[in-house]
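What the coordinates show
Each chain, letter by letter, is given below.
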Amino acid sequence: MAQEIRNYTMNFGPQHPAAHGVLRLIMEMDGETIVRVDPHVGLLHRGTEKLAESKPFNQSIGYMDRLDYVSMMCNEHAYVRAIETLLGIEVPVRAQYIRTMFDEITRILNHLMWIGSNGLDLGAMAVFIYAFREREELMDVYEAVSGARLHATYYRPGGVYRDLPAQMSQYRESPWHKGKDLKRINSWREGSMLDYLDAFTADFPSKVDEYEELLTTNRIWKQRTVGIGVISPELAQQWSMTGVMLRGSGVEWDLRKKQPYAKYAEMDFDIPVGVNGDCYDRYLCRVEEMRQSNRIIRQCVEWLRANPGPVIVQDYKVIPPHRAVMKESMEALIHWFKLFTEGYCVPAGETYCAVEAPKGEFGCYLVSDGANKPFRVHLRAPGFAHLSSMDTIVRGHMLADVVAMIGTYDLVFGEVDR
């Protein structure tokens, strides 16, 4: 008796926990083997670009945080750099060092989230808890400078919102923290933020060693990642890949080295590059990037300690008056009100400014027609370019390998769908 064997179609996501948000994959499968994958995106589309075109330039910085909501300040950096380029503003040196430092703090935050969630996806449960231990310590730094743990809106055209705090906030006694435990967690917080970051960066490499102990030589982890999702250097370039997706395939391309911005030209750090272009090599690249980011933060802390100075350009067409002055001067109050309601007019022109975000090249194409709001904003999200290669790369792999591939892309749908 003849039996007909047919491929079947299956939905992966958008509710699947390994879909990292709202990804829907329509997969054609032959048994457990992938024949074809069709990614459906747009389920988190919020019209960010059009919203930015309907508001004054300085009111859209907060939208950037909500794109890739795991690398918030890197998104802000691209947008404010585009505005600064059109305005012809020179950012104070101290502000550039602060931006460099916070870009790298953001890179560590992103990679900690990635290593924890990717570990969960592939069955390594413990590393998630380990990674979030350090992530919480860095979220406290975000909160100290901006008042928010996630959506900071700390970068402003012309510099940063305010200088680094001279005192870190401390934990109070509670049923969860008391006695010796309270003293231990507050020991780093007795000085300034720079003292806190000094202590954190001295301790962090040993914590990365712990993550590596859990994963790097773990037999199951290697079975799930070695030889999976191999991307050749040629294929990576054809699909416009950037960041770790490109460097994992052996192409040493990093905007921080090739087209330096902020103060990266002054920093001493290395670019980790993969050999085989598989999920395991990309994991190793991200782990090494955390170590290199730690090096950069230490260099920034050392410079910032020795060099006080202004953190935002003293151009009162772009920055508001100090709050203390605003509460005493009618002219300053009017200036404050006008700046935050109408904003400022940016000279007509167009520019593209990109940063090496944790996931790849995040760029902002900005067109001004001389008004107080952008004529056109287009954002180049690295995850969007990466996801488009899904079908080519996972054909012939097993269903479980699709989860490893989604994880290695490091997708956040805020920026993919925009």
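Anyway, here's the lowdown on the structure attached to this text. (Residues numbered from 1 in each chain as written. Predicted model: local features only at pLDDT ≥ 70, side-chain atom pairs only at ≥ 80, totals over all residues. Heavy atoms only, no water.)

So, about the sheet that holds strand β2 (residues 24-30). Read across the sheet, three strands follow the order β1-β2-β3 without closing on themselves; strand pairing throughout is antiparallel. Unpaired on one side and paired on the other, β1 (8-12) and β3 (33-40) mark the two borders of the sheet. Pairs of neighbouring strands in the sheet enclose a mean axial angle of 25°, with direction left out of account. As defined by bridge partners, β1 adjoins β2 across five bridges and the pair is classed as antiparallel. By the bridge assignment for β2, Asn-11 is matched with Ile-26. Across the face of the sheet, helix α17 (residues 399-409) comes into contact with β1, β2 and β3 while running at roughly 150° to β2. (Pairing = 2+ DSSP bridges. Helix = DSSP H or I, 4+ residues; strand = E, 2+ residues; numbered from the N terminus. Axes fitted to C-alpha atoms, helices over the stretch in contact; angles between N-to-C directions. Contact = heavy atoms within 4.5 Å.)

The next point concerns the pattern of salt bridges. Under the criterion given, the structure shown has 31 salt bridges. Arg-133 is the salt-bridge partner of Glu-210, the closest N and O atoms lying 2.8 Å from each other. Separated by 77 residues along the polypeptide, Glu-210 in helix α7 (residues 193-215) and Arg-133 in helix α5 (residues 126-146) bring together distant segments of the chain. Look at Glu-210 and you get partly exposed, because its relative accessible area is 26%. Arg-133 sits in the partly exposed class, given a relative accessible area of 32%. For the salt bridge of Glu-143 with Arg-149, the shortest nitrogen-to-oxygen distance reads 3.0 Å. Among the residues examined, Glu-143 registers a relative accessible area of 35% and is labelled partly exposed. (Salt bridge = Lys/Arg side-chain N within 4 Å of Asp/Glu carboxyl O. Buried < 20%, exposed > 50% of the residue type's maximum accessible area, 1.4 Å probe, protein only.)

This part covers the environment of Asn-294. By secondary structure assignment, the location of Asn-294 is in helix α12 (residues 279-306). For Asn-294, a relative accessible area of 4% gives the class buried. For the pair formed by Asn-294 and Phe-269, sequence separation is 25 residues and the distance between their alpha carbons is 9.6 Å.

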